[in-house]
Amino acid sequence: MRKMSLLIMMLLAVLTAQAQFDASSDPSFERTPLSVILDGWKTKVITDVPTAGIGIMLERFDMTWPTGAVGDVCQVMQTGVAKKVLDKNDGYTVEVDAKNGYVESYNEGSDRQTMSACVWRRTNGHRLFAVVISQPVDPEIELVCFYDYDPQKHILTPEPDILDQIQPLFPTAYMNFVLPKVGKDLIVSEYSSGNTYKRIYKWNGMIPVYDRTERESMGLEDTEMMNAAGPAMSFPVKFSGAKPGISDFVTAILSQEELCESQINVAANLKKRRSGKKLANGISIVVDERNGYFRFEMASGSSEVCSTEYCYWNCSDGKHKLVAENTGVVINGKYENTECTGLLFYLYDNETRELTYTSPYDLGAGIQVKPVVSYSLPRTGKDIMANINDEKHVVKIRMKWNGMKFDQEQVTK
């Protein structure tokens, strides 16, 4: 009799999970748009999380922010199976590895959402819980959420600071987060013309910390597909004479098809200057060919100043030059972060005569902190100065050029 009751309970659980999956597949099933979660998850604490199991955490996340992708996985986890194909037409599948604290869904190429989630054990007895939801269309979004699980309070507290330390290497880049199915490393991938850039973040006991960048070549078919989705990461430099100068590098950078707003302003005003037209009040351009330095500045009254500067270094290998672009915005005397601000680097190859976007982390120029960081490129000398603009004080960092990359040292506090 007890065996029969157990079988009935198991059957009911399977039927309930299947009914929930059918409901979530219904177009009328209420889900939260990822754009709404993107704006709201950082300030929403999730309560009543009784255990540190990935199934419970994911269920409470889905109760707070219901989505089709997470809902499907939760329903499969309730059945206790390790793998289930939910739709044979596109290979939509859920895999569960509860022992290692990892779950995911995937398909063979459709417009539906997919997800992954994992749990790390923290040295303070807490857990770090991560959820990634990928939506390929309408619009294309990669939602990434990190939470601290407190086993005493039974709550999930958002930790958006972790994401603040992971910024795209290239402008307009799409970042893909790969949670650890095996091991503990977080991988963040970006795609360029002909290459995949993988940044590896090592687990330090509390958070994933940047370790290195690996570049892998892609096949011709993949390269053509990725190029169609964004700007080329390598582009030619045209010049006359024996070698290019700062004006040649700036012209090449501003000749790309996709530019951010600050680059568009530089390009338009540089074109006007070269045609002999007078620049508007508050706009200035400095070109110092001898020192390899270029600066554009645009002031909107006395409250806002936007500047973009360029410089380059000769590499000690005799084969390359490193070109830097720095954009800063000051509003009412304070530095502000925008999608255009910060440092970009391009490596020039003397043989191919091409510039290629290069990771600041591989160059020793990555600064991962939450406050606004402002930079100054050298018109004379070779070092970059960085200011970490905290509310209470400014921390100055000198990036010393050693011929191939930068060595950082704190100057003052």
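Residues numbered from 1 in each chain as written. Predicted model: local features only at pLDDT ≥ 70, side-chain atom pairs only at ≥ 80, totals over all residues. Heavy atoms only, no water.

### Digging into the overall build of the protein chain
To keep it simple, the criterion reads: Only DSSP runs of H or I with at least four residues qualify as helices, and only runs of E with at least two residues qualify as strands; both kinds are numbered from the N terminus onward. Note on classification: 1.4 Å probe, protein chains only; a residue is buried when its accessible area is under 20% of the maximum for its type, exposed when over 50%, partly exposed between these limits. We call two residues contacting when some pair of their heavy atoms lies within 4.5 Å. The protein chains shown are the only cover counted for residues, whose accessible areas, like all others here, come from Shrake-Rupley with a 1.4 Å probe.
Summing up its helical and strand segments, the protein chain has eight helices and 23 strands in all. Counting all 413 residues of the protein chain, 45% fall into the buried class. In the protein chain, of all internal contacts separated by at least 6 residues, the share reaching a separation of at least 24 is 45%. For the protein chain, the accessible surface area stands at approximately 22,000 Å², while carbon and sulfur atoms represent 50% of it.

### Let's talk about the packing of helix 7 (residues 246–254) against helix 8 (residues 261–274)
This is how the line gets drawn: An axis is simply a line fitted to the C-alpha atoms; with a helix, the fit covers only the stretch in contact. Between two such axes, the angle follows the N-to-C directions and lies from 0 to 180 degrees. Under this scheme an angle from 65 to 115 degrees is roughly perpendicular, one under 35 degrees roughly parallel, and one over 145 degrees roughly antiparallel; angles in between are oblique. Crossing handedness is defined as follows: a turn of the near helix away from the far one that is anticlockwise and smaller than a right angle gives a left-handed crossing, while the clockwise case is right-handed.
It is at 10 Å that the axes of helix 7 and helix 8 come closest, and there the two elements cross at 125°. It follows that helix 7 is oblique to helix 8 by the angle criterion. Helix-helix and strand crossings are classified by hand; for helix 7 and helix 8 the assignment is left-handed. In this structure, helix 7 uses Ser247, Val250, Thr251, Ile253 and Leu254 to contact helix 8, whose residues at the interface are Gln263, Val266, Ala267, Leu270 and Arg274.

### A look at the environment of Thr32
Of note, Thr32 is situated in the loop between helix 1 (2–25) and helix 2 (34–40). Expressed as a C-alpha distance, the spacing of Thr32 and Gly68, which sit 36 residues apart in the sequence, is 8.7 Å.

### Quick notes on the side chain of Asp148
Worth spelling out the cut-off: We define a polar contact as two N or O atoms separated by no more than 3.5 Å, with the added condition that, inside protein, one atom must be a possible hydrogen donor and the other a possible acceptor, whereas residues neighbouring each other in sequence contribute only through side-chain atom pairs.
Assignment of secondary structure puts Asp148 in strand 6 (residues 141–150). Of the residues examined, Asp148 reaches a relative accessible area of 10% and is grouped as buried. In terms of polar contacts, Asp148 uses its side chain to reach the side chain of His126, at 2.9 Å. Look past the residues within four positions of Asp148 in its chain and what remains in contact with it is Arg122, His126, Arg127, Ile155, Leu156, Thr157 and Glu159.

### A look at the pattern of salt bridges
So the rule is basically this: The term salt bridge refers to a side-chain nitrogen of Lys or Arg lying within 4 Å of a carboxyl oxygen of Asp or Glu.
Applying the stated criterion across every chain, the model contains 17 salt bridges. A salt bridge links Asp211 to Arg212; the nearest nitrogen and oxygen atoms lie 2.8 Å apart. Of the residues examined, Arg212 reaches a relative accessible area of 31% and is grouped as partly exposed. Across the pair Arg212 and Glu214 runs a salt bridge, and its minimum N-O distance is 2.9 Å. The class for Glu214 is partly exposed, based on a relative accessible area of 29%. Salt bridges here are not isolated pairs; linked through shared partners, they connect Lys83, Glu95, Glu104 and Lys181.

### Re the packing of aromatic side chains
The line we're drawing: Ring geometry is summarised as follows: Phe, Tyr and Trp rings, the Trp one being its six-membered ring, pair when their centres sit within 6.5 Å, and such pairs are stacked at plane angles under 30 degrees, edge-to-face over 60 and tilted between the two.
On inspection of all chains with the given rule, the structure shows 16 aromatic pairs. An angle of 65° between the planes, with centres 6.2 Å apart, marks the rings of Phe235 and Tyr357 as edge-to-face. Residue Phe235 is located in strand 12 (residues 234–236), and its partner Tyr357 is located in strand 19 (residues 354–358); the two are separated by 122 residues in the primary sequence. Residues Phe235 and Tyr357 agree in their burial class; the two are buried. Here the aromatic residues Trp41, Phe61, Phe129 and Tyr147 are joined through ring pairs into a cluster of three or more.

### So, the confidence of the model for the protein chain
Our working definition: The quantity known as pLDDT measures the predictor's confidence residue by residue, on a range of 0 to 100.
For the protein chain, the average pLDDT comes to 85, and 85% of its residues sit at 70 or higher. Highest mean pLDDT in the protein chain belongs to strand 7 (residues 155–158) (98); lowest belongs to helix 6 (residues 220–227) (41). Below a pLDDT of 50 lies the segment residues 1–29, which in the model reaches 16 contacts outside its immediate sequence neighbourhood of four places, other chains included. Overall, residues 220–231 carries pLDDT values under 50, and its contacts beyond four positions in sequence, including any with other chains, amount to twelve contacts.

### Notes on the pairing of strand 2 (residues 92–97)
Going by this rule: Two strands are counted as paired when DSSP detects at least two bridges linking them.
By the criterion of burial, strand 2 is predominantly enclosed, with five of the six residues buried. With four bridges connecting them, strand 1 (residues 83–87) and strand 2 associate as antiparallel partners. The partner of Lys83 across the bridge, within strand 2, is Glu95. Connecting strand 1 to the antiparallel partner strand 2 that follows it, the hairpin turn spans four residues, and Gly91 within it adopts a positive phi of roughly 70°.

### A look at the sheet that holds strand 6
Pairing is antiparallel in the open sheet, where seven strands are placed in the order 1-2-3-4-5-6-7. Strands at the two margins of the open sheet, each flanked by one partner only, are strand 1 and strand 7. Put simply, the sheet's adjacent strands are angled 20° from each other on average, direction ignored. On top of the sheet, helix 3 (residues 54–64) reaches strand 3 (102–106), strand 4 (114–121), strand 5 (127–135), strand 6 and strand 7; it is set at about 55° to strand 5, its chief contact. Strand contacts of helix 4 (residues 68–79): strand 1, strand 2, strand 3, strand 4 and strand 5, with the helix running at about 55° to strand 2, the strand carrying the most contacts.

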